[in-house]
Amino acid sequence: MMRKKSVSASKASLVLFLCQMISALEVPLDSKLLEELSQPPTITQQSPKDYIVDPRENIVIQCEAKGKPPPSFSWTRNGTHFDIDKDAQVTMKPNSGTLVINIMNGGKAEAYEGVYQCTARNERGAAISNNIVIRPSRSPLWTKEKLEPNQVREGDSLVLHCRPPVGLPPPIIFWMDNAFQRLPQSERVSQGLNGDLYFSNVQPEDTREDYICYARFNHTQTIQQKQPISVKVFSMDSLNDTIAANLSDTDIYGAKPVTERQPVLLTPTGSTSTKVELRGNVLLLECIAAGLPTPVIRWIKEGGELPANRTFFENFKKTLKIIDVSEADSGNYKCIARNILGSAHHVISVTVKAAPYWITAPRNLVLSPGEDGTLICRANGNPKPNISWLANGVPIAIAPEDPSRKVDGDTIIFSHVQERSSAVYQCNASNEYGYLLANAFVNVLAEPPRILTSANKLYQVISDSPALLDCAYFGSPKPEIEWFKGVKGSILRGNEYIFHDNGTLEIPVAQKDSTGTYTCVARNELGKIQNEVQLEVKDPTMIIKQPEYKVVQRYGHVSFECIIKHDSTLLPTVIWLKDNDELPDDERFLVGKDNLTIMNVTDRDDGTYTCIVNTTLDSVSASAVLTVVAAPPTPAIIYARPNPPFDLELTGQLERSVELSWIPGDENNSPITNFVIEYEDGLHEPGVWHYQTEVPGTQTTVQLKLSPYVNYSFRVIAVNEIGRSQPSEPSEQYLTKSANPDENPSNVQGIGSEPDNLVITWESLKGFQSNGPGLQYKVSWRQKDVDDEWTSVIVANVSKYIVSGTPTFVPYEIKVQALNDLGYAPEPSEVIGHSGEDLPMVAPGNVQVHVVNSTLAKVHWDPVPLKTVRGHLQGYKVYYWKVQSLSRRSRRHVEKKILTFRGNKTFGMLPGLEPYSSYKLNVRVVNGKGEGPASPDKVFKTPEGVPSSPSFLKITNPTLDSLTLEWGSPTHPNGVLTSYILKFQPINNTHELGPLVEIRIPANESSLILKNLNYSTRYKFYFNAQTSVGSGSQITEEAVTIMDEAGILRPAVGAGKAMASRQVDIATQGWFIGLMCAVALLILILLIVCFIRRNKGGKYPVKEKEDAHADPEIQPMKEDDGTFGEYSDAEDHKPLKKGSRTPSDRTVKKEDSDDSLVDYGEGVNGQFNEDGSFIGQYSGKKEKEPAEGNESSEAPSPVNAMNSFV
């Protein structure tokens, strides 16, 4: 009985078993067959469903299809027919359905936005593409917004919002600084998924003004930049200093130190949130927390484990990433932020939905007339997708009826099909998250049998192995296959053969007598065809002598045999492996025809050695193990340098060569690696040995090349791993015959040292290069480009010759030839030199100056004729100097500046000029000799610029409602001053800046009294000068009006005002300053006496009087805290209430400030005014004029405290 065996369908697979045993043909992928058979269209290439295009480039919508006959193409746009012939911007590629929309020649991408679908049609049916949604990419600009500076206390959290413009596709966000360097990120500072920059807690080093968010739109290759964001972090030290300057001793004094805080989630907000993701996508969950110390984020899945091999943590574990998500990944994910003070958590409920995906996509059917078949379309998704069918692109419900077709949900059943049943069916599976569209054709064919296997194909197999003889076929209806052996043989039957459904004949155990010709016959009701193939059965390859197990001592040698027998018609190759890898690349391993030999075996050679024999039909192998054992103990070996060679002998002496031989000395247990040969020239350099050559350590003779006219002696040095031997004894001497020089001097140059000479120099030949006695040089020269004869002179063995009486800077051709008593060297090559240079003759002309701005000018000149340069043009020098300042009309010492412009340049820039000044310049040409004459001086003037800041700003004479301002004019006015601009604003107790007032002051003023100010108020002043060009840089100061009487209980109102006025006036008098110095000296002496008396056990009587009769109005500093006594009213002597402002004397208790004057001077330039008052502001320091937000103000000036104390 015939036995059949089903095999998997390959490229030539013809028969498929479908559900319910309904069969259909499958067309083999044979190119010739496919060209002959009719076939409905098949879409082979199309653009993506969501197609975002670059609006600057042509739009190409792909649609390629195959079929027989070739299909025609049509398009719909937004559901209606798209007539491309009516749009001059749209063309279709030849023999293709691909559309090209010409945007680069006037078209607008926005006009072609829409949904496109391609139809490929021929007489057998119509296939359709996906709905292709065309959308031009967009990269909009950032919207204008006013960014407030961020002022944050150290340790607080901060979020810098990016809010990028909505683009298509969405941009990639990153943060950089002004230098285009990425901002460093860490567990404390990181970028969120929405692009915002999160600070878990800010540190002083976060202060900067260039936090810039960038949005990169990859589709259009553009980058949009947000305006820089400023962040200023106030450290606790600076806050304490500021608060101490503005709060009284009764206020809560000083900001708290940086306090640690437990975590709080910055994003997401709340305790729970939800997230929906599609199957197969990447799930990204994010948690960013604030806190100090910086919290650490941990992720868990409630009621389950995070999926292994698909879970990744990014952004310092703030982002949980799960790739290729499925419905099983749905659930609750909890992020936990923790530091040493506590924790915070957030639960994200994740739901995984699914766009449709295939379970069984419909496959093409090839049927014969009268056969049955099915198309199956099964898809899944979440929610469950809806399945709909189309026939040739038309919904099947309204398509032309076909009695052989029946639709049953996701299956179409075909019964007794006819050729007119051929069509292309589309299955659409869709839900709210997407759709799938598949084309599958039903092709009803009536074809006679065809055999696709090549005629007389030769098959070769090894005896006793299976033989597979192919007979690929096609026909419709499906042909029957029969096999015959020999030309007149009978049909093959029986258990010794297996007949496969694809037509292949299998001989399970081929023998030598299986060799021969086999014939395959295919027949159906439409015809019959046959094909012959040849089978040859070969003898197997065998290893008749296999390698054997070996044990060998270290440093011995071993050999493995591998003798083979093979079919005479096959060519074997033998490969040796060690431990299943290639043999080491070592010359100790010798591979022979039938063996492997290893020399000088080491411990590393221990292992398994395998012999593999390959032919085109089979492969055999055999292995053996090599074990390396230690050699018997041997005496310790002493290694040393080799002994010197000896018995040197010269043979085969010729004019230019000789053979040297020697006998090596003892190598002293270290093999000689090479020999070094040296020579001595007893004629020119006796006693000096030179390197000649070297040869391998296995060589004891060498052929040496020699030079003429040298008295040679040779010696040999042996070298091993330890070192070099002593030199051998010299060989006998050998004097070579003289000859003409072989070479000429090198490095020939011609450079003039004077305007009327030419100095020719060269490097002389060495002694042995002379090749004979009487070495001399023939020096030749002639003027270039002039029809002159060569002038020559023969000089002795020198290296220089001077030609006099030459024209200035003229090119010469030069050559130097060696000669000796036997003749000349070969003709030398020529070099070009120049006679001497002279100073340039003329100055550059037409010097013009273009003033670019107040500090930069551009100078032009005409180049001088090259003939007048009289040398190598080095360039031009511009001399320029300031004559006077136009604003001061004062001359000063002229300091000339020089700029050099290399080469034949005819213009240059003069930087660093002073505004509003008069300058002169001239230009000179420069060659190798020096500078030429100067051009006539050119005068130019620079325009006005903005002035520098005023030289000083001093604020004196504070009263209840006025302050006096004095200033100095700018050091560099840079023009005519037109006015001064004064701006000022009050600063309240919370360091907020009040409204800004601006005053314009005439330029000839140097002081101003500001009146109608608020009492006991700190003011900040911004002062700058102006010219007609604009405002210069500003200088800032701060001052305080004196305290209102209501804030301090004074003995008498009138007396207090008068006293303040007198104190300010008296403090500026010289006699008062002298008096104060005398008082201070007296107090110092008294303190010294008191200290001495106290050490002796006595008591200072004045101290007793002070304790008994304390002044009720002005009390001394307390001994315990070092502060001034409180200022009291004479009537009730009540102290200041808690919470009141600091009194006008601005005293501070010791627990708040150990040394108030030192603290005021910290970090600023503290100094005393001319009137003796102390300035506690930032002196001479320029600040930007504040327009928005709060700024910290330094400690109040203690000027009133000084006055009250006096």
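Here is what the cut-offs are and how they apply
- Residues numbered from 1 in each chain as written.
- Predicted model: local features only at pLDDT ≥ 70, side-chain atom pairs only at ≥ 80, totals over all residues.
- Heavy atoms only, no water.
- Helix = DSSP H or I, 4+ residues; strand = E, 2+ residues; numbered from the N terminus.
- Buried < 20%, exposed > 50% of the residue type's maximum accessible area, 1.4 Å probe, protein only.
- Contact = heavy atoms within 4.5 Å.
- Disulfide = S-S within 2.5 Å.
- Salt bridge = Lys/Arg side-chain N within 4 Å of Asp/Glu carboxyl O.
- Core = buried A, V, L, I, M, F, W, Y, C linked by side-chain atoms within 4.5 Å.
- Pairing = 2+ DSSP bridges.
- Axes fitted to C-alpha atoms, helices over the stretch in contact; angles between N-to-C directions.
- Polar contact = N/O pair within 3.5 Å; in protein donor to acceptor, adjacent residues only side chain to side chain.
- Patch = residues over 30% accessible without salt bridge, like charges linked within 9 Å, V, L, I, M, F, W, Y side chains within 5 Å.
- Areas by Shrake-Rupley, 256 points an atom, 1.4 Å probe, with all protein chains shown as cover.
- Phe/Tyr/Trp six-rings, centres within 6.5 Å; stacked < 30°, edge-to-face > 60°.

Let's shift gears to the overall build of the chain. Of regular secondary structure, the chain possesses eight helices and 90 strands. Looking at the chain as a whole, 42% of its 1206 residues are labelled buried. Residue pairs at least 24 apart in sequence account for 66% of intrachain contacts in the chain once pairs closer than 6 positions are excluded.

Our next topic: the state of the cysteines. Evaluated as defined, the whole model comprises six disulfides. Each disulfide pairs two cysteine sulfurs, and for Cys287 the partner residue is Cys335, the sulfurs being separated by 1.8 Å. Of note, the bridge from Cys287 to Cys335 carries an S-S torsion of about -65 degrees and is left-handed in sense. One end of the pair, Cys287, is in the loop between strand 25 (283–286) and strand 26 (288–292); the other, Cys335, is in strand 30 (residues 331–339), and 48 residues separate them in sequence. On the basis of relative accessible area, Cys287 is assigned to the buried category, the value being 0%. Note on cysteine connectivity: Cys562 is disulfide-linked to Cys611, with sulfurs 1.9 Å apart. In this structure, the disulfide formed by Cys562 and Cys611 twists by about -65 degrees around the S-S bond and is classed as left-handed.

Taken as a whole, this structure holds 36 salt bridges when the rule is applied. Between Glu302 and Lys334 there is a salt bridge, with its nearest N and O atoms 3.8 Å apart. One end of the pair, Glu302, is in the loop between strand 27 (296–301) and strand 28 (311–314); the other, Lys334, is in strand 30, with 32 residues separating them in the sequence. Close ionic contact of Asp410 with Arg378 constitutes a salt bridge, the shortest N to O distance being 3.4 Å. Highlighted residues: Asp410 in the loop between strand 37 (405–408) and strand 38 (411–414) and Arg378 in strand 34 (residues 378–382), separated in sequence by 32 residues. Looking at Asp410, the relative accessible area reads 25%, which means it is partly exposed. One connected set of salt bridges, linked through shared partners, spans Asp177, Arg208 and Asp210.

Right, let's get into the nonpolar core. Core analysis: the largest hydrophobic core is formed by 29 residues, its most contacted members being Ile59, Ile61, Trp75, Ile101, Tyr116 and Ile134. At the level of elements, strand 5 (50–53), strand 6 (59–61), strand 7 (63–68), strand 8 (72–77), strand 11 (99–101), strand 12 (114–122) and strand 14 (132–136) are the ones that each hand at least two residues to this core. It is strand 12 that contributes the most residues to this core, three residues altogether. Contacts of Tyr116, omitting those with residues within four sequence positions, involve Ile61, Trp75, Thr76, Arg77, Phe82, Ile101, Asn130, Asn131, Ile132 and Ile134.

What follows deals with the environment of Ser969. Structurally, Ser969 is set in strand 83 (residues 963–970). Using a relative accessible area of 45% as the deciding quantity, one classes Ser969 as partly exposed. C-alpha separation for the pair Ser969 and Glu1005, spaced 36 residues apart in sequence, amounts to 9.3 Å. In this structure Ser969 touches Pro950, Ser951 and Tyr980, once residues within four positions along its chain are discounted.

Moving on to the sheet that holds strand 80 (residues 917–927). Through backbone hydrogen bonds, the strands of a sheet pair up, either in parallel or in antiparallel fashion. If you trace the four strands from one edge of the open sheet to the other, you get 78-77-80-81, paired in antiparallel fashion. The strands lining the two open edges of the sheet, one partner per strand, are strand 78 (897–902) and strand 81 (938–941). Between one strand axis and the next, the sheet turns through 30 degrees on average, direction left out of account. Here strand 77 (residues 873–885) pairs with strand 80 via 11 bridges, running antiparallel. Along strand 80, the bridge assignment pairs Trp881 with Lys920.

The next point concerns unusual backbone geometry. The step from Asn382 to Pro383 runs through a cis peptide bond, and the omega angle for that step is 5 degrees. Along the chain, Pro383 falls in the loop between strand 34 and strand 35 (386–391). The omega torsion of the bond from Ser476 to Pro477 falls at 5 degrees, within 30 degrees of zero and hence cis. Within the element layout of this structure, Pro477 appears in the loop between strand 44 (473–476) and strand 45 (480–485). In this model, Asn669 sits at a positive phi of 65 degrees, which is unusual for a non-glycine residue. Inspection of the secondary structure puts Asn669 in the loop between strand 61 (657–663) and strand 62 (674–681). Residue Asn669 is classed as partly exposed on the basis of its relative accessible area, which comes to 45%.

Right, let's get into the side chain of Thr1041. Looking at the element boundaries, Thr1041 is found in the loop between strand 88 (1035–1040) and helix 4 (1053–1066). Separated by 2.9 Å, the side chain of Thr1041 and the backbone nitrogen of Ser1016 make a polar contact. Of note is the side chain of Thr1041, whose polar atom sits 2.9 Å from the backbone nitrogen of Thr1017.

Looking at the element boundaries, Thr1027 is found in the loop between strand 87 (1018–1026) and strand 88. Discounting residues that sit within four places of it in the chain, Thr1027 has contacts with Glu944, Gly945, Val946, Pro947, Pro973, Gly975, Val976, Leu977 and Thr978.

Moving on to a nonpolar patch on the surface. Together, Leu1081, Leu1084, Ile1085, Ile1088, Val1089, Phe1091 and Ile1092 make up a nonpolar patch on the protein surface, roughly 650 Å² of accessible area in all. With respect to the helices and strands, Ile1088 occurs in helix 5 (residues 1070–1095). For Ile1088, a relative accessible area of 44% puts it in the partly exposed group.

Another aspect to go through is the sheet that holds strand 64 (residues 701–705). Within the open sheet, the three strands sit side by side as 60-61-64. Their pairing is antiparallel. Each having just a single partner strand, strand 60 (646–651) and strand 64 make up the two edges of the open sheet. Looking at each pair of strands side by side, their axes are set apart by 25 degrees on average, direction ignored. Pairing of strand 60 with strand 61, which is carried by four bridges, proceeds in the antiparallel orientation. Among the inter-strand pairings, Phe646 is bridged to a residue of strand 61, identified as Ile663.

What the rule picks out here adds up to 20 aromatic pairs. Ring centres of Phe82 and Tyr116 lie 5.8 Å apart, and the angle between their planes is 75 degrees; this geometry places the pair in the edge-to-face category. In this pair, Phe82 sits in the loop between strand 9 (80–81) and strand 10 (90–92) while Tyr116 sits in strand 12, placing the two residues 34 residues apart along the sequence. Each member of the pair, Phe82 as well as Tyr116, carries the same accessibility label: buried. For the pair Tyr712 and Phe714, a centre-to-centre distance of 5.5 Å together with 5 degrees between the ring planes defines the contact as stacked. The same class applies to Tyr712 as to Phe714, namely buried. Cluster of aromatic residues (ring-pair linked, three or more members): Phe174, Phe180 and Tyr214.

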